[in-house]
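Residues per chain are reported as follows:
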Amino acid sequence: MFDEGRNAAQPITRVRIWYAVLICIMALFLVRLFYLQVIRYEHYKNSALSDQLKQYEIPSSRGRILAHSGPGNDGSSAGAIPIVLNQKLYLVYADPLYIKDAAKVASDVARITGGNASDYQKTLDAAMRVKGNRYAILVKKVSEDQKQKIVALKYPGLGTQQQEYRTYPQGAMAAQLLGFVNDAGKGSYGIEEALDTQLKGTPGELKAITDVHGVPLAASTGNTLKPAQSGKDVVLTVDLPMQKRLEQILADAAKTTKSESASAVIMDPNTGAIKAMANVPTYDPAKYYEVEDGSVFNNAAVSHPIEVGSSMKALTTAAALDDGVVTPATTYYDPSHWKVDGFNITNIEEDGGAGNRTIADILNLSLNTGAIWELMQMGGGGSINHKGRSVWYDYMVNHYGFGKPTGIEQGYEASGYVPGPDDNGAGIDLTYANTSFGQAMTATPVQMAAAMSAVVNGGTYYQPRLVDATVDASGKTTAEAPKVVRHGVVSTKVSQEIVPILQYVIDKHNVTPAFDQSRYSVGGKTGTAQIAKTGGGYLDNDFNGTYLGFVGGDTPQYVIAVFMTKPKNGGYAGTAAAQPVFVNIGHMLINNSYVKAKN
Amino acid sequence: MGPGVRGYQAQNGAQNGRSSRSQPSRAGAENSSDLGRRHRPDYWLVILCLMMLVIGLIVVYAISPALSEAAGTSQTHYVTKQLIAIGLSIVAFIAMAKIPLSVIRQMYKPLLVLAGIATLIALLTPVNPLYPAHRWVRLGGFSFQSVELLKFAILIAAAGFLAERSRVGMLGDFKTTIKPLLIAVGVLIVIVAGPGKIYAQSDLGSTAVILAMMAIMAFVAGMPLKRLAAGAAILAIAVILAVVPSTYRRERVTAFLHPDQGCQQAAGYQACQALIAVGSGGLSGLGLGRSVQAYGYLPEAANDSIFAIYAEKFGFIGVTVLLGIMVAFFSRLKSIAERAPDAFSRLVVVGVLAWLSVQAVINIGAMIGLLPLKGITLPFISYGGTSVVFVAAAVGVVFQISYYTAIRVPRVSQGIRQADNTNNGGRVYDNSRDGRRQRGAYHPNPGSRSRA
């Protein structure tokens, strides 16, 4: 063949042509590789790192929340019972780029989780339609067992992430006080929100070269790790059995009085510790996402201020006593009505008409005119004046702490409202006349309880608090000391004088069952508050019932504030709706040995 | 040579006077006892193959943790399987080196039938959704890529056919040469490039390799350039017709034209990640155990994308070495082709050169963003048993051919002055003696000087 002259040379030449082309291509490749690997190295190195180097937040384990287990365990965290714990569950996510057969992935995952395959597929299909989307959450709260089965499917693009979820061994108890942890791991409402930082701890940080699923590669160097620090456990001042009983009493009362809502606070007046705090309606924090009306998340006892009504008169009287303008023995002539700024202010029908009245009568008969008279005395007597308004304002805001948050460890605490002594020119005397009996100003149950505590404990305002101690990850306990906000809210003498007056008031009200005042000291004041209409004026047929009182032995040991919103059981809301709740709470405390009887 | 082709030959021989001229020399070349001068075979061919196999094995071994993690197999799974494949390859290599060339030439028919059956079985086998472009035949625990057998069968058949058509001087004849070739190409396109409506992806990459192999063989055999150009034009039209109606292929082409958007799109993802792997390797590479892209970023890390992983690990220096080894290997093939004792063996060697070089060019070109991704392996380097076994078989045939050098009669008309120009100082070859005793005959290269 090679000896065929013209034909023989051609094939060999043509082999060389292809070989030459090949050499040229290889040379071109080498030039291209030089460009990619040497000239453009930085660019591709950065592209690689932007894909491969991932920075992770290592979630820290959230602290537990505990509460006291009953009488005898006060002040020590030893007998604390957990009310909020953590459960490690998993979240299943998909990287749509790697999902080839969404229907199969969806049905296989649904088979394991018991979920709905078509829902999963919808999620996947939707995620796959979004260009550049690399993350879609498929299922949440998957157990360890289910997670392992899903991992065993080995679908590319399917991953799991450990997540901590809150569990509530005591069920819905103290829900609004506790709050919940939302999907993003943030504490919402209640203690969870107020102490989010402490509970959450410090998340760790991991910077690492990872595989495509984000798993750090062992072979890569330069991974940096800062371990997470667990959050602190929080031991509440709350007494769990007391809380449970309070919730029961309040729920029953809201039902029998057909109240729209109800709140109650039981506070230790000598430390500021909240022993129990409840609201109706409430919710289950384990299923917070099922709640339709978000307002139920609020702890109304700290976040819903209302015009408190006549229970305020206990504090007005204490202020007048402390200001020295009246004494427990003072009597005065009550005209049964006052004309203030052109408005005629009267009492309720059962006031007995005009006549000489004692200080105790003002509280017992709930004389609006008596409270206004006390306000007039603070200004020097005769009429409501600037001085009287200023003194009373000073008591309300600076002594009793109204109009500003108490600082209790709760999310969304409300300030309430107190009008300034020089507000809105004409009509301010009328406004102030109203404040003397708990209208035209607002306060929350916890503000009322804190002010009352200072009045009955000898004159010290303790900041209301829910945290008794914190325990860090190493087990070190830090006890929270009572926080004194102000000494001398009222003098010790006034404090000792007001207690028997309030005992007298409850005795005169013939509550049933009656309290044995020889062994226990129980006192308080009702309030039937008008409800402001939006746009001015007050509702005609709806009232709020409030009660502010104490239960104790030689000294008051518990201050109790009760708010019942719009009860429909007839009678004055304070007497018919709120007072029975206070009475039930008082007996509950006594019957369960929470109260130390008189010596 | 099959009886069918013989039939053509007899016919043409009778009809065409030109063919009778080549008759005597053909008889000499066909006789295996007269296959040119026998000498020492080209051991460099084998050494270079082994070097590439070892490089591939090292890369597969180094990324085994990533592969086994993704697939849930043991760490040694991939290396073990590849070692078994290399073992089988050695058997295939020895067999093809020992079976007389004339017998191999006759084997084209059973090979084609076998490849056809395997391809049909693969067509009927459900496509693995993870590798839609790869068609597998599963036999017990083994899976087998039918297209690799097809490449080998077409190599032998095309070499035989073209050698025969060339011998009778009918290479440019439409009826007897072009038409059968076009029919073969048509059948090939239908069964390998495949009906796109039935399969998510058809094996365009392998089709391209086979067509390029046939075209280069036809070109070297002496096919008139006009005919080749016409064939290339028809093919270009076919490619456009194949790309335009398929959304998938259009996306791939678009992705190729706009590589910057690639990483966020399914179609351009692999190409983009391949560029990142290559580029981030830098001058000297990340190191053997330091590849990151193999951990799920770059799809097909052990197969189609192995070059990019190699480039990431060993950098520009490493790829220069690898391309050097490849070029050395291709240059051995070129030399063997040039001194091949007859047309058939030369065309076989050219076919192997075309097959492996086109496959390497398409594969590497895709990895460095110069060509669209085609989903084919890098010969010797990529993980995958079938490919290695059939490539080894082809190299085995070449190795057998490398034992021989054509005996050339110096002819003044061609300017061949063999006695003056060969490296052996003008020694006359003695085809009756073993080449091992004639070291100078090891690199006979008369062709390079034949144009002088």
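On a predicted model such as this, the values are computed, not experimentally measured, just so you know. (Residues numbered from 1 in each chain as written. Chains lettered and ligands numbered in written order. Predicted model: local features only at pLDDT ≥ 70, side-chain atom pairs only at ≥ 80, totals over all residues.)

Q: Even after reading the chapter, I still don't get the pairing of strand S15 (residues 343-346) of chain A, so can you show me in this structure?
A: Remember that side chains alternate between the two faces of the sheet whenever the strand is regular. Residue and element names in this part refer to chain A. Inspection of the sheet shows strand S14 (residues 337-340) paired to S15 by 4 bridges, in the antiparallel sense. The residue bridging Val340 from the neighbouring strand is Phe343, located in S15. Two successive antiparallel strands, S14 and S15, enclose a turn made up of 2 residues, where Asp341 displays a positive phi of approximately 50°. (Pairing = 2+ DSSP bridges. Helix = DSSP H or I, 4+ residues; strand = E, 2+ residues; numbered from the N terminus.)

Q: What is the right way to look at the nonpolar core in this model?
A: Side chains of nonpolar character tend, in soluble globular proteins, to be buried together. Among the nonpolar cores identified, the biggest contains 141 residues, and Leu155, Met217, Leu347, Val349, Val352, Ala394 and Val398 of chain B are the most heavily contacted of them. Top contributing element to this core by residue count: helix H15 (residues 343-367) of chain B, with 18 residues. Residues lining this core come from more than one domain, with at least three contributed by each of domain 1 (6-39) and domain 2 (55-236) of chain A. With near-sequence residues (within four places) excluded, Val349 of chain B lies in contact with Leu333, Ile336, Ala337, Ala340, Val398 and Ile401 of chain B. (Core = buried A, V, L, I, M, F, W, Y, C linked by C-beta atoms within 7 Å. Buried ≥ 20, exposed ≤ 12 C-beta atoms within 10 Å, placed from the backbone. Domains from an automatic or database assignment. Contact = placed C-beta atoms within 7 Å.)

Q: Hey, could you run me through the pairing of strand S23 (residues 556-565) of chain A in this one?
A: Residue and element names in this part refer to chain A. For S23, the buried fraction is high: 10 of the 10 residues fall into the buried class. Note: strand S11 (residues 261-267) against S23, 7 bridges, orientation antiparallel. The residue of S23 that forms the bridge with Ile266 is Ile560. In the sheet, strand S22 (residues 538-552) pairs with S23 via 8 bridges, with the strands oriented antiparallel. Bridge pairing in S23 links Gly549 to Ile560. What sits between the antiparallel neighbours S22 and S23 is a turn of 3 residues.

Q: What exactly am I supposed to notice about helix H2 (residues 41-52) of chain A here?
A: Along an α-helix, residues three or four positions apart point the same way, because every turn accommodates 3.6 residues. Residue and element names in this part refer to chain A. Here H2 contains 12 residues, and its C-alpha end-to-end distance of 16 Å stays within 8% of the 16 Å for a straight helix at 1.5 Å per residue. All buried positions along H2 are accounted for by Tyr44, Ala48 and Gln52. Angularly, the buried residues of H2 cover 60° about the axis, an arc narrow enough to put them on a single face. Turned more than 90 degrees away from the buried face of H2, the exposed residues are Glu42 and Ser50. (Expected span 1.5 Å × (residues − 1). Arc of directions from axis to C-beta.)

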